[in-house]
Amino acid sequence: MSLMGLQKTIGGQLKKRKELLYNLGAISSYASMLTFFWHGVSMLVAKEHPKHTLVVYAALTFFTIVVMAPYKWDKKWMRIKTSIGMLIFGLSLLIYLFCWFVY
């Protein structure tokens, strides 16, 4: 099979399975958000002081989600995903800031 034929075959498979790929990406996105939140809770329980890069990352990610929200608000699932992202990263940021100032 030539390179062009292989590209067409892979492209065709991706088009057929784009919903599956989107759902896998969404699950991965939710898992990464929950991992980030879990890390914040772990720091809170361990009474650890977060590194400034972590706090800045959480703040910038939260800011990015909030600023981009109006452009994604027209589709139901994007409203849900955006709302979950704002909630998780907002709570994570609050936890990190709490740990920053208290510990």
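Scoring rules and cut-offs
- Residues numbered from 1 in each chain as written.
- Predicted model: local features only at pLDDT ≥ 70, side-chain atom pairs only at ≥ 80, totals over all residues.
- Heavy atoms only, no water.
- Helix = DSSP H or I, 4+ residues; strand = E, 2+ residues; numbered from the N terminus.
- Contact = heavy atoms within 4.5 Å.
- Core = buried A, V, L, I, M, F, W, Y, C linked by side-chain atoms within 4.5 Å.
- Buried < 20%, exposed > 50% of the residue type's maximum accessible area, 1.4 Å probe, protein only.
- Expected span 1.5 Å × (residues − 1).
- Phe/Tyr/Trp six-rings, centres within 6.5 Å; stacked < 30°, edge-to-face > 60°.
- Axes fitted to C-alpha atoms, helices over the stretch in contact; angles between N-to-C directions.
- Parallel < 35°, antiparallel > 145°, perpendicular 65-115°, else oblique.
- Left-handed = near helix turned anticlockwise from the far one by under 90°.
- Nonpolar A, V, L, I, M, F, W, Y, C, P; charged D, E, K, R; others polar.

### Description of the environment of Glu-48
Within the secondary structure layout, Glu-48 lies in the loop between helix 2 (18-46) and helix 3 (52-72). In this structure, the C-alpha to C-alpha distance between Glu-48 and Trp-100, residues 52 residues apart in sequence, is 8.2 Å. Leaving out residues up to four positions away in the same chain, Glu-48 has contacts with Met-43, Cys-99 and Tyr-103.

### As for the nonpolar core
By size, the foremost hydrophobic cluster in this structure holds 13 residues, and its most contacted members are Phe-36, Met-43, Leu-54, Ala-58, Phe-89 and Tyr-96. Listing elements by their share of this core, those giving two or more residues are helix 2, helix 3 and helix 4 (76-102). If one sorts the elements of this core by residue count, helix 4 sits on top with 6 residues. Look past the residues within four positions of Phe-89 in its chain and what remains in contact with it is Met-33, Phe-36, Ala-58, Thr-61, Phe-62 and Ile-65.

### Observations concerning helix 4
Its 27 residues place the ends of helix 4 39 Å apart at the C-alpha level, agreeing with the 39 Å of an ideal helix rising 1.5 Å per residue. Residues of helix 4 that are buried: Met-78, Thr-82, Gly-85, Ile-88, Phe-89, Gly-90, Ser-92, Leu-93, Ile-95, Tyr-96 and Cys-99.

### Notes on the packing of aromatic side chains
In this structure the tally under the stated criterion is 4 aromatic pairs. Ring geometry for Phe-36 and Tyr-96: centres 5.5 Å apart, planes at 85°, overall edge-to-face. Of this pair, Phe-36 sits in helix 2 while Tyr-96 sits in helix 4, placing them 60 residues apart in sequence. Here Phe-36 and Tyr-96 have matching classes, each one buried. Between Phe-98 and Tyr-103, the aromatic rings sit 6.2 Å apart at their centres with planes inclined by 85°, giving edge-to-face as the arrangement. An aromatic cluster of at least three residues, connected via ring pairs, comprises Phe-36, Tyr-57, Phe-89 and Tyr-96.

### Notes on the packing of helix 2 against helix 4
Contact geometry for helix 2 and helix 4: axes closest at 8 Å, N-to-C directions at 20°. The angle between helix 2 and helix 4 falls in the class roughly parallel. Our pair here, helix 2 against helix 4, has a crossing hand that is left-handed. Listed contacts from helix 4 to Tyr-22, Ser-29, Tyr-30, Met-33, Leu-34, Phe-36, Phe-37, His-39, Gly-40, Val-41, Met-43 and Leu-44 of helix 2 are Met-78, Lys-81, Ile-84, Gly-85, Ile-88, Phe-89, Leu-91, Ser-92, Ile-95, Tyr-96, Phe-98 and Cys-99. Of the residues belonging to the contact of helix 2 with helix 4, the class tally is 18 nonpolar, 5 polar and 1 charged.

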